[in-house]
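Residues per chain are reported as follows:
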Amino acid sequence: MKKYPIEFLKTPAGELQLLRDFFPEPMPKFDDSTDTFEYTKWHLYDRVCDGIKSFLVLLDKKQIYDAFIIAGHVMETCAMLSYIKDGKTEEERLNNYHKYAARAFAGIMLETLKTSDNLEKDTAWNAYAAMLKLFYPVGINIIKDSKNPKQKHENIIKQINCRLGANAEKIKLIEKTMNIQI
């Protein structure tokens, strides 16, 4: 990394120079033994790196508003990455990751429900069922106010794991019973 005078680094040009000089760590190769926590961390990091590149390209092309939209996305992604990797203990980091994953899967399930009339069509059901399968092991982490979150989670899964019935009912149940926002 290049060295610059501290006075320069405190200027907007110096701050941009730090971004221009940023060289990302290479992403490791993942195999079947890699846990999803590591995979997720590295993919969030990769999104940050891509966002920095996009920000600089847009800034150089004088697309200021678009550049700052990308900068906001980068900062949001940094916040998510920090949330799942910067806990004080391994248990806290894993718990935060499970909450992050559960919220992401629940959000995708909600979007699937909101964008389809019903789950009777194979494409809608297959997308929803895939997310439900991913959500099941981590969903307990975002159950709202419950003395028995495990039982409540099981009851919710039973109610939303069906192809028939109105999507609106499933949406209402998910939004009412789960902390989806970080």
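Some thoughts on the nonpolar core
M109, Y128, L132, F135, I160, I174 and M178 are the most contacted members of the largest nonpolar core, which has 34 residues in total. Elements that contribute at least two residues to this core include exactly α3 (36-60), α4 (64-85), α5 (90-114), α6 (122-135), α7 (149-160) and α8 (167-177). The contacts of Y128, once residues within four sequence positions are left out, are M109, T112, L113, L119, I160 and K170. Counting 8 residues, the second-largest nonpolar core is a separate cluster that includes V48, F55, L56 and A67.

Let's talk about the packing of aromatic side chains
Overall, the coordinates contain 6 aromatic pairs when judged by the stated rule. Where Y4 meets F8, the ring centres are 5.5 Å apart and the plane angle is 45°; that geometry is what we call tilted. The class of F8 is partly exposed, set by a relative accessible area of 28%. Where W125 meets Y128, the ring centres are 6.0 Å apart and the plane angle is 40°; that geometry is what we call tilted.

A word on the layout of surface pockets
Of the pockets and cavities examined, the largest pocket occupies roughly 500 Å³. Around the largest pocket, the lining is made up of 20 residues, and of these T40, Y100, A101, A104 and F105 lie nearest the centre. Those elements that place two or more of their residues in the lining of the largest pocket are α3, α4 and α5. At 8 residues, α5 tops the list of elements feeding residues into the lining of the largest pocket. Split by residue class, the lining of the largest pocket holds 14 nonpolar, 3 polar and 3 charged.

Some remarks on the state of the cysteines
Within this structure, the stated rule accounts for 0 disulfides. This cysteine, C49, is not joined by any disulfide, and C78 carries the nearest cysteine sulfur, 8.9 Å off. Overall, the relative accessible area of 4% leaves C49 in the buried class.

Let's talk about the pattern of salt bridges
Across all of its chains, the model carries 8 salt bridges by this definition. Salt-bridge contacts for D50 lead to K53; the nearest nitrogen and oxygen are separated by 3.8 Å. You can see D50 and its partner K53 sitting in helix α3, 3 residues apart, about one turn around the helix. The closest approach of N and O atoms between E90 and R93, which form a salt bridge, is 3.0 Å. Here E90 pairs with R93, and both are found in helix α5, just 3 residues apart, close to one helical turn.

Concerning unusual backbone geometry
Despite not being glycine, K62 has its phi angle at roughly 65°, a positive value. Within the secondary structure, K62 sits in the loop between α3 and α4.

Cut-offs and rules
Residues numbered from 1 in each chain as written. Predicted model: local features only at pLDDT ≥ 70, side-chain atom pairs only at ≥ 80, totals over all residues. Heavy atoms only, no water. Core = buried A, V, L, I, M, F, W, Y, C linked by side-chain atoms within 4.5 Å. Buried < 20%, exposed > 50% of the residue type's maximum accessible area, 1.4 Å probe, protein only. Helix = DSSP H or I, 4+ residues; strand = E, 2+ residues; numbered from the N terminus. Contact = heavy atoms within 4.5 Å. Phe/Tyr/Trp six-rings, centres within 6.5 Å; stacked < 30°, edge-to-face > 60°. 1 Å grid on protein atoms, 1.4 Å probe; cavity = no way out; pocket = protein on both sides within 12 Å on 5 of 7 lines; lining within 4 Å. Points joined across faces, edges and corners; volume = space filled by probe spheres on them. Nonpolar A, V, L, I, M, F, W, Y, C, P; charged D, E, K, R; others polar. Disulfide = S-S within 2.5 Å. Salt bridge = Lys/Arg side-chain N within 4 Å of Asp/Glu carboxyl O.

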